Amino acid sequence: MTTELDRDQLLAPVLRRVLGWSALVSMVALVAFGLFGAPTDAVQGDAQRVMYLHVPSAWLAYLAFFVTAAASAFFLWPRTRATVWDRVAGASAELGVMFTALALVLGSIWGRPVWGIWWAWDARLVSTALLFFLFLGYLALRRIPGGDPVGVAKRNAIAALIAFVDVPIVHFSVEWWRTLHQQATVFNPELNPQIHGVMGLTLWIGTIAFTLAFVYLLDRRYRLAVLEDGQEERALDRAIEDRRSQAVGAGSVS
Amino acid sequence: MTDVGYVVAGWVIAGGVLGGYTVRLRRRLARAERERSDAEPRA
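The structure contained in this document is the topic of the report that follows. Per chain, the residues get numbers from 1 upward, laid out in the order the sequence is written. Chains and ligands are labelled sequentially in the order written, the chains with letters from A and the ligands with numbers from 1. Local features in a predicted model are, by the rule used here, given only for residues with pLDDT of at least 70; side-chain atom pairs are given and counted only at 80 or more, and totals for whole chains, interfaces and linings are based on all residues.

## Focus: the overall build of chain B
Helix and strand assignments come from DSSP, with helices taken as H or I runs of at least 4 residues and strands as E runs of at least 2, each series counted from the N terminus. When helices and strands are counted, chain B shows 1 helix and 0 strands. For the C-alpha atoms alone, the extent of chain B along its principal axes is close to 65 × 10 × 5 Å. Here chain B holds 43 residues, and 14% of them are scored as buried. In this scheme every C-beta is placed from the backbone, and a residue whose C-beta has 20 or more other C-beta atoms within 10 Å is buried, one with 12 or fewer is exposed, and one in between is partly exposed.

Next comes the structure, spelled out in structure tokens:
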């Protein structure tokens, strides 16, 4: 299972530091623009400012689960199989679950003043909640031990690919069904939306800030997975050594 | 609750979740790195 692709770190230390600081600076810029720089929406009022967090959260959920699915496919393909892909898949799924939870909670907070309700049994909302539980289940599955590490990783990869089927359903749900949630607007050429320049800029800052934070956190979570695997191997070695010494001790007494 | 109340709640929750996750991850990582360096045989 070990190949030349297996590595202790995903990113070089310099790149990681640059990423971390860039994420922090862009987050500060997001707060400045999102709360103070962007104008108040003419229809929704200040409540619309939640959009600058809700939309990037949803985008990052898509990205994180796409990375999980791609890494899982790379693991399943015999020519590219390496431990690195299994760890990347697990790390990215954990971040995806966090961003999906954020998108759901922030959407609910935005929906209350705009729609008048916290939750609706709407295709977009339900399919997103399903996505959250599917990948929560995937993370739980990863914790179930098994005998053969390659077999366990294959099982996890297949589960990730099955869960990923819900991502296009979430995305196209607003087109396939009549929903309370609005359809895609910013990248929809048919609608030609007129968005205020500073509002559009703030949305881009939010997307960039969240993406930078995702890459930084993915690297850190990957590193933690490497160290945790090392801890398990050392604990196993110690247990085997203890059993051996007990067996030797018992043999010498008899 | 006013519109500003929803906005503040949203931004505080997002900051708390992202910041809390980052801090917790860095702490777990620091502990794991320490444990690894303690376990390494010294020359």
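Structure's up, so let's keep going.
## Concerning the overall build of chain A
Looking only at helices and strands, one finds 7 helices and 0 strands in chain A. Counting from the amino terminus, helix and strand elements in chain A follow one another as α-α-α-α-α-α-α. The globule rule is 2.2 Å times the number of residues to the power 0.38, and the radius of gyration it is compared with is taken over C-alpha atoms. Against the globule reference of 18 Å for 254 residues, chain A gives a C-alpha radius of gyration of 23 Å, more extended than a compact globule. With respect to the principal axes defined by its C-alpha atoms, chain A has extents near 90 × 40 × 35 Å. By residue count, 37% of the 254 residues in chain A fall in the buried class.

## Topic: the nonpolar core
Core analysis: the largest hydrophobic core is formed by 66 residues, its most contacted members being Val 50, Ala 64, Ala 213 and Phe 214 of chain A. Elements that contribute at least two residues to this core include exactly helix 1 (13-37), helix 2 (51-76), helix 3 (83-115), helix 4 (123-143), helix 5 (149-164), helix 6 (166-176) and helix 7 (197-253) of chain A together with helix 1 (3-39) of chain B. Residue contributions to this core peak at 16 residues, all from helix 3 of chain A. What makes a nonpolar core is a set of buried Ala, Val, Leu, Ile, Met, Phe, Trp, Tyr and Cys residues, with links drawn between C-beta atoms within 7 Å.

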